[in-house]
Structures are given as structure tokens and as C-alpha cells.
Amino acid sequence: MTKTVLENIVQETITSKYFSIIIDSTPDISKVDQLTVAIRYILPDGSPVERFLGFLPSVGHKAKDMELAHFFSDLGIDMKNCRGQSYDNAQNMSGIYNGLQSPEETSVGNRFFMITQGLYTFFSGSTSRWKILENELNSIPNSTLLKNVCPTRWSSRYFVCKSIKNGHKKIVVALQNISEDVSQRPATRHEALALFKKMKNLEFTFMLVLWTPILERFNMTSKSLQCVDMDLSSVKLPLKYLHASCMPCSNASGERSFSVLKRVKTYLRSSLANEKTSYLSLLCMESKVVKSIDWSTLVKRFAKDKA
């Protein structure tokens, strides 16, 4: 029965394509640390749903111990379609470099925005370097100075890409001038040269051209949703365009699974196997999916497996 429920959830996830994961942990009655794994995706009718996938026992609290890629791979879910991760503000889980995100392959998009942030940090870190950039950009009509990458507002990243796209040639010139300036510190010249090479890379240029029009639509949609006279009946269409619908707003699903865990694995059932604990919790959490199962098909499958 549990396998059938999981297969239904996985099939819905694959149909939806994009999803987010919700991770949290708590010790059970037998002092085993249980990592709860939930997933959020959009149903064909446009409504978001969060599903519990199971508990992973004794995985540790370090990112290298949490091999979620293997867990989702075994279920047949492609992590490349993951659009969000929620860890209840656990710093050891949410970090990009040393957290849970680090074992996963850094996407091309993440590398691109890390470079854009590096450009802003490099030039804004010194008034002299900022002045050099400003002097170069003044020769370009309608150019704007570099913008800081906002980690939460994706619509604002449009202005980041727009400023770099419009002033790409002059930003490269500014970096080259700084890297060749003997009056600059060696570390500064080295950093300028590294950024210069990254901006001249084909991958960066391609991502810049790709992201700018996409984020422009994000920005337009975000502004339309914030209008005072916005008609609520027209909100559903732009939301379908945004993948933000599958982003978790809270870690409530993880907390609910802890309540179920306390009811399933009690003092009298403290020796309950981890796999059975996870399966019973899944059937309890996803009772709606259980009720939607075709029981005749389930009975035939059970008889076939036991034959």
C-alpha cells in the first residue's frame, strides 16, 4: 500500500515537473534522529500541494551526511527540476558552500548569479574602483551602475542583468584596466583578472542574454500583482507562469510530520523499525492519497507479489 501511495505522489511530481523540498529533523522516542522529507508541487488544476515522502534515520547534521540526491534518485525524481529548498532556518543545512546545497551540483544559473554578485562586490568594495566603473559607463547612453543581487526577490534580478548587459563592454574594459594597473594591490589585480576572464566566457554571455528577457517578464508580472487596482480574477494566470507557486512558504509540513511521528513511534513501540515507522507515518500523513487508491488494483498487486 505504501509503495502505491509513493508511486502516486512521484507520478504527480513528474507530471508537475517543478517542485521544492522541505527538510527538518527531530529525535524520536528511541533517540534516533529522524530527518523528515516533504515535497511541494503544483497539481494540473493549478493548486499547490505538499506531500510527505518519509523519514530518513541517523543521517547526521552535516551536509555531507545528507545524501538526498540518492533518496530522490531511488524514487525516480530528477533533482534538476527542484526550484526551492526549505530547512527551517538551519544554517548547517541551508548554506550554499558548506550546507546541504553544496553536495548538489551547482547549476549554471547559480554560477551566473554568483559572478554577477562578485562583480558588484568587487566594484562597490572600493570608492576608487567604483569611480573607474562609473567613468567607463558614462560613455554609454542609458547605462546604469551595477546592482546588488537580492537573494529573495527574483524580479529585482532583472535590473542586475540589465545593468551588466547594457554596460558589458565597458565593465570588461574597467576590469582590464584595473588588472593592468601596477598601482593596485596584487590581490585586487588578481581578482579583477579573474572576473575579466569570467565575463569573457561564452557561458556567462549566453546566460546574460538568456536571463535578461526572462527576468523582465518576472519583473512585469511582479509589478502587476502589486497594483492597487489589481483584479483578483486575473491573478491566477501570472501565477501559473511563475515557478514561485511551488516554493514553500513555511516548514509546517515538517512540523506536522513530527506530530505524526510521536503518535506512531510511542514508548510502547520504541523498537519499531525505521522503515515501518516511515511507512506508517506516510499512510497517516497522506490519507487522502490512500483513499483515492483503486483497491481492486491494489488487491491484485498484493496477490501477484505474494504468489
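Computed from a prediction, not measured in an experiment: that's the story for all the values here.

**Student:** Would you mind going over unusual backbone geometry with me for this structure?
**Tutor:** It is generally the case that most residues other than glycine have a negative phi and that most peptide bonds are trans. One non-glycine residue with positive phi stands out, namely K17, at about 75°. When you line up the elements, K17 lands in the loop between helix 1 (2-16) and strand 1 (19-27). For N142, which is not glycine, the phi torsion reads 60° and is therefore positive. Its location among the elements puts N142 in the loop between helix 5 (127-137) and helix 6 (157-166).

**Student:** Sorry if this is basic, but what is going on with the pattern of salt bridges here?
**Tutor:** A side chain with one charge may pair with a side chain of the opposite charge, provided their charged atoms come close. With the rule as written, the count across this model stands at five salt bridges. The closest approach of N and O atoms between E12 and R51, which form a salt bridge, is 3.8 Å. Linking E12 in helix 1 with R51 in strand 3 (residues 48-57), this pair joins segments that are 39 residues apart in sequence. Among the residues examined, E12 registers a relative accessible area of 28% and is labelled partly exposed.

**Student:** Honestly, the pairing of strand 3 in this entry has me stumped. Any pointers?
**Tutor:** The side chains of a regular strand alternate, first on one face of the sheet and then on the other. In terms of residue burial, strand 3 counts as a mostly covered element, since seven of its ten residues are buried. The sheet contact formed by strand 2 (residues 33-42) and strand 3 spans nine bridges and is antiparallel. Bridging across to strand 3, A38 finds its partner in F52. In this antiparallel pair of consecutive strands, strand 2 and strand 3, the connection spans five residues, and G46 shows a positive phi of 95°.

Cut-offs applied
- Residues numbered from 1 in each chain as written.
- Predicted model: local features only at pLDDT ≥ 70, side-chain atom pairs only at ≥ 80, totals over all residues.
- Heavy atoms only, no water.
- Helix = DSSP H or I, 4+ residues; strand = E, 2+ residues; numbered from the N terminus.
- Salt bridge = Lys/Arg side-chain N within 4 Å of Asp/Glu carboxyl O.
- Buried < 20%, exposed > 50% of the residue type's maximum accessible area, 1.4 Å probe, protein only.
- Pairing = 2+ DSSP bridges.

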